[in-house]
Amino acid sequence: MKHILTIFLAIILVIGLGYAFNSTSPGENLQLSYIQDISFEIPFDANSNSENPKSRKSGFHLYPEFSAEIYNPFITDKPTVSISDGEHSPVALMYHAVNEVPQTSLDGLFLRPSEFEDQLKVLNDLGYSYCFADEFQHSDTPSVILTFDDGYTDNYTEMFPILKKYNAKATIFVFTAAIDGEGYLTREQIQEMSESGLVRFASHSHNHNNLTPMSEEDIRYEFEHSKQILAELTGHETNAISYPTGKTSDIVIQIAQDYFHFGYTTVNSTYTGDCNPLLIPRVRIYRGMTGKGLAARLG
Ligand SMILES: [Zn+2]
């Protein structure tokens, strides 16, 4: 009997030791590394009070990937341009190039001159007025903001003559490093269009790089330098920007407030309510879009 009891106690001891080893090895290590991974995501949470600078840095680097959703102008809690009953919000339209023959593989960006003319005819018929990107304000009548990104040569050779014919206004967002470069507007073309009173020039940064991974100093350089060059060329200090590559982040928007009143995104939308003036969405215009097509898009 004593012998049996000894064997029984030995079995209990072996089982007990087994549990003890299991609880401190693989399972617990796995749990620990999982918690470490989660902690890197904490900076995404707006309610996080994390004081760990390492965590904040890691969050900052990943944050821009979600910018399109986070900075949707409809859900932002930042300052807004309000709209009252009976007022219309201007609708910003996003163009790039106007050319019969696409100059790059991105065909969709090259609206045909006949399509642009057709669009202006329809906008006139529907009673739309035009305003510049840096004078965004609600009005009693419907209005559009024609915006052209990048500053291609055809904005002068193809778009400008049609603009004059219909006495319409447009804003060209130029990335200033490209001025006088092959395929881009020259200083003289920019000055001539600016003096016509029908075209204003606004910032698209200096180098057209994604601003979101940049240091604060570099972002400020991109904003300040492009503003300076445009002011020297046109005598007009712009307060509008279209973010290059369309990417924005909390940091970029915060810094933009020091240089601009109005920021234009690539979020493909119109709006009817309040709008964050630094996150204005635009209706994308693409090759093949007629005046009728545009009217349908504007509702
Ligand atoms: Zn661009």
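As shown above, the structure is provided for reference.
Basis of the calculations
Residues numbered from 1 in each chain as written. Predicted model: local features only at pLDDT ≥ 70, side-chain atom pairs only at ≥ 80, totals over all residues. Helix = DSSP H or I, 4+ residues; strand = E, 2+ residues; numbered from the N terminus. Buried ≥ 20, exposed ≤ 12 C-beta atoms within 10 Å, placed from the backbone. Contact = placed C-beta atoms within 7 Å. Right-handed = clockwise from strand over helix to strand, strands pointing away. Pairing = 2+ DSSP bridges. Core = buried A, V, L, I, M, F, W, Y, C linked by C-beta atoms within 7 Å.

### Quick word on the overall build of the protein
At step 1: Tallying secondary structure elements over the protein gives 10 helices and 10 strands in all.
At step 2: Across the 299 residues in the protein, those meeting the buried criterion constitute 34%.
At step 3: For the protein, contacts bridging at least 24 residues in sequence account for 67% of all contacts bridging at least 6.

### Concerning unusual backbone geometry
At step 1: Even without glycine at this site, asparagine 167 takes up a positive phi of about 50°.
At step 2: With respect to the helices and strands, asparagine 167 occurs in the loop between helix H6 (154-165) and strand S6 (170-174).
At step 3: Despite not being glycine, threonine 245 shows a phi value in the positive range, around 70°.
At step 4: With respect to the helices, strands and loops of the structure, threonine 245 is situated in the loop between strand S8 (240-242) and helix H9 (250-256).
At step 5: The class of threonine 245 is partly exposed, set by 13 C-beta atoms lying within 10 Å.

### Considerations on the environment of alanine 92
At step 1: Looking at the element boundaries, alanine 92 is found in strand S1 (residues 91-95).
At step 2: Once the C-alpha coordinates of alanine 92 and asparagine 268 are considered, the two residues, 176 residues apart in sequence, prove to be 9.8 Å apart.
At step 3: Apart from residues lying up to four places away in sequence, alanine 92 is in contact with Ile145, Thr147, Tyr264, Ile280 and Arg282.

### Quick look at the pairing of S6
At step 1: With respect to burial, S6 is a largely interior element, 5 of its 5 residues being buried.
At step 2: By the alternation rule, side chains of S6 split into Ala170, Ile172 and Val174 and Thr171 and Phe173, which are all buried.
At step 3: In this fold, strand S5 (residues 143-150) hands off to H6, which returns the chain to S6; that crossover is right-handed.
At step 4: Examined bridge by bridge, S6 and strand S7 (residues 199-203) share 5 bridges and lie parallel to one another. Paired with isoleucine 172 across the bridge in S7 is phenylalanine 201.
At step 5: You can see the chain leave S6, run along helix H7 (residues 187-195) and come back into S7, and the turn it takes is right-handed.

### Here we look at the nonpolar core
At step 1: Leu93, Ala133, Ile145, Leu146 and Phe262 are the most contacted members of the largest nonpolar core, which has 58 residues in total.
At step 2: Leucine 146 has contacts with Leu93, Tyr95, Tyr130, Ala168, Lys169, Ala170 and Thr171, leaving out every residue within four places of it along the chain.

### Digging into the pairing of strand S9 (residues 262-268)
In the case of a regular strand, side chains alternate between the two sheet surfaces.
At step 1: With 5 of 7 residues buried, S9 is to be regarded as a mostly interior element.
At step 2: Note: S8 against S9, 3 bridges, orientation parallel. Bridge assignment links serine 242 to a residue of S9, and that residue is tyrosine 264.
At step 3: For the crossover from S8 across H9 to S9, the handedness is right-handed.
At step 4: Judged from the 2 bridges that link them, S9 and strand S10 (residues 280-284) form a sheet pairing that is parallel. Across the sheet, the residue bridging to tyrosine 264 is isoleucine 280, located in S10.

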